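Chain residues, written in single-letter form:
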Amino acid sequence: MSICYLDGTYQPLAEARISPMDRGFLFGDGAYEVIPVYSRRPFRLDQHIERLGHTLAAIRLPNPHDAAGWAAIIAEIIARNPWVDQSIYLHVSRGPDDKRNHAFPAQMRPTVFLTSEALVTTPAAQLAKGVAAVSAADFRWLRCDLKTTALLANCLLRQVAVDCGCAETVLFRDGFLTEGAASNIFVVRDGVLLAPPKSHLMLPGITYDVVLELAARHALPHVVREILEDEVRSADELWMTSSTKEVLAITALDERPVGSGEPGPMGRQMYAWYQDFKTTVMRGG
Ligand code: PDD
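Residues numbered from 1 in each chain as written. Predicted model: local features only at pLDDT ≥ 70, side-chain atom pairs only at ≥ 80, totals over all residues. Heavy atoms only, no water.

Summarising the element assignment, D145 is placed in the loop between β7 (131-137) and α5 (152-163). Within polar-contact distance, the side chain of D145 engages the side chain of R143 at 3.0 Å. When near neighbours in sequence (up to four residues on either side) are disregarded, D145 contacts H54, S199, H200, M202, L203 and P204. (Helix = DSSP H or I, 4+ residues; strand = E, 2+ residues; numbered from the N terminus. Polar contact = N/O pair within 3.5 Å; in protein donor to acceptor, adjacent residues only side chain to side chain. Contact = heavy atoms within 4.5 Å.)

In this section: the sheet that holds strand β1 (residues 3-6). Reading across from one edge, β2-β1-β6-β5-β3-β4 is the order of the 6 strands in this open sheet, with antiparallel pairing throughout. The sheet is open, and its two edges are formed by β2 (9-12) and β4 (41-42), each paired on a single side. Judged from the 8 bridges that link them, strand β5 (residues 86-93) and strand β6 (residues 111-118) form a sheet pairing that is antiparallel. Residue pairing across strands places S93 opposite T111, the latter belonging to β6. Set on the sheet, helix α2 (residues 45-58) makes contact with β3 (30-38), β4 and β5; between it and β3 the angle comes to about 175 degrees. Relative to β5, helix α3 (residues 67-80) is tilted by about 135 degrees, and along the sheet it contacts β1, β2, β3, β4, β5 and β6. (Pairing = 2+ DSSP bridges. Axes fitted to C-alpha atoms, helices over the stretch in contact; angles between N-to-C directions.)

Take the site of the ligand next. Close to the ligand lie 19 residues; Y32, R51, E179, T207 and S243 are nearest. K147 has a polar side-chain atom sitting 3.3 Å from a nitrogen atom of the ligand. For the ligand, a nitrogen atom lies 2.6 Å from a polar atom in the side chain of E179. When the ligand sits alone it has 480 Å² of accessible area, and the protein chains cover 89% of it. Of all the cavities here, the one that holds the ligand is the largest pocket. Every element with two or more residues in the shell around the ligand is listed here: β3, β9 (176-180), α6 (206-217) and β13 (237-242). Among the residues making up the shell around the ligand, the classes are represented as 6 nonpolar, 9 polar and 4 charged. (Near = heavy atom within 4 Å. Areas by Shrake-Rupley, 256 points an atom, 1.4 Å probe, with all protein chains shown as cover. 1 Å grid on protein atoms, 1.4 Å probe; cavity = no way out; pocket = protein on both sides within 12 Å on 5 of 7 lines; lining within 4 Å. Sits in = over half its atoms within 2 Å of the grid points. Nonpolar A, V, L, I, M, F, W, Y, C, P; charged D, E, K, R; others polar.)

A word on the pattern of salt bridges. Counted according to the given criterion, the structure contains 15 salt bridges. Linking R233 and D254 is a salt bridge whose minimum nitrogen-to-oxygen distance equals 2.8 Å. Of this pair, R233 sits in helix α7 (residues 229-233) while D254 sits in the loop between β14 (246-253) and β15 (256-257); the two residues are 21 residues apart in sequence, bridging distant segments of the chain. Its relative accessible area of 27% is what places D254 among the partly exposed residues. One connected set of salt bridges, linked through shared partners, spans D138, R140, R173 and E179. (Salt bridge = Lys/Arg side-chain N within 4 Å of Asp/Glu carboxyl O. Buried < 20%, exposed > 50% of the residue type's maximum accessible area, 1.4 Å probe, protein only.)

Our focus in this paragraph is the domain arrangement of the chain. Taken domain by domain, the chain holds domain 1 (3-118) and domain 2 (124-282). Computed from C-alpha coordinates alone, the two centres of domain 1 and domain 2 are separated by 26 Å. Residue-level contacts link 23 residues of domain 1 with 22 residues of domain 2. Across the domain 1 to domain 2 interface the summed buried area is about 2000 Å²; carbon plus sulfur atoms make up 63%. Summed over the shared surface of domain 1 and domain 2, the result is 1 salt bridge. Close ionic contact of R44 with E213 constitutes a salt bridge, the shortest N to O distance being 2.8 Å. Put simply, domain 1 and domain 2 have 8 residue pairs in polar contact (both at pLDDT 80 or more) between them. Contributing elements (two or more residues each) for the side of domain 1 that touches domain 2: β3, α2 and β5. (Domains from an automatic or database assignment. Buried area = accessible area lost by both parts, 1.4 Å probe.)

The full count for this structure, using the stated rule, is 8 aromatic pairs. Geometrically, the ring pair formed by Y38 and F43 is edge-to-face, given 5.6 Å between the ring centres and 80 degrees between the ring planes. With respect to class, Y38 is no different from F43; both count as buried. What links up through ring pairs into an aromatic cluster is the set Y38, F43, Y274 and F277. The ring of F104 is capped by R94, whose NZ or CZ atom sits 3.6 Å from the centre of that ring. (Phe/Tyr/Trp six-rings, centres within 6.5 Å; stacked < 30°, edge-to-face > 60°. Lys NZ or Arg CZ within 6 Å of the ring centre and 35° of its normal.)

Written out as structure tokens, the structure is:
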């Protein structure tokens, strides 16, 4: 049984209750983070808490905890749940109001909810084969840099992939790559790793940062720049990255093979560096 945290109390997830008047429920009015935990250590916690602070400030929701407060709750959730590797979901909504009203309540009582599940990383067979993706027009709003709980557009876009047996939807806006429905996308062309620049059109991924740091550390040629749709369609390699998928090769896009149709050498190398980096972090390095 999973133990969650809801507004100051640790309790079984199945018993947790919130008001139907919560603005998180009515308006998708909230912020969230997904934090991977390896060997009971949260990965890149400071960066996740910093990004949460960025989202909360932008949506004008006072941060209910400082970094130490968040770290304490997360440590407790990790300790109270059975898995060694976990995926922590952290959610802050603008809380309940007496009546439905678009404008913020005069007295804000944010709802803070954290839960955990076993972190299931990609099975070896899928890593060896890579995954298939489809593409779609990115019709989301112009603040995709914010990790808000209003994810209907992302859900609709991810479902496009699921409906045709694919793992992810690669998004293009005005002829340029933005990201995936729930991941960032990297492109390899002619031995160079390409990443779209952070902007209001994509989420600044924590895994994205780690990948670029590893590229720099290992002197892997890499360029952060806008990437044309055509460059994606004729790429040698495509990868999706996220806290739960880590670094995963996309080997088919819209039913056409990406490069050789198998995970490429640079992706395999980055995956190995990523695993090695995780192990270092778990050792406290
Ligand atoms: N999603 N872009 C989008 C739209 C995302 O939803 C995510 C992650 C990412 C990758 O970010 P990070 O590397 O920090 O996980 C990029 C999480 C995992 C989710 O919503 O479940």
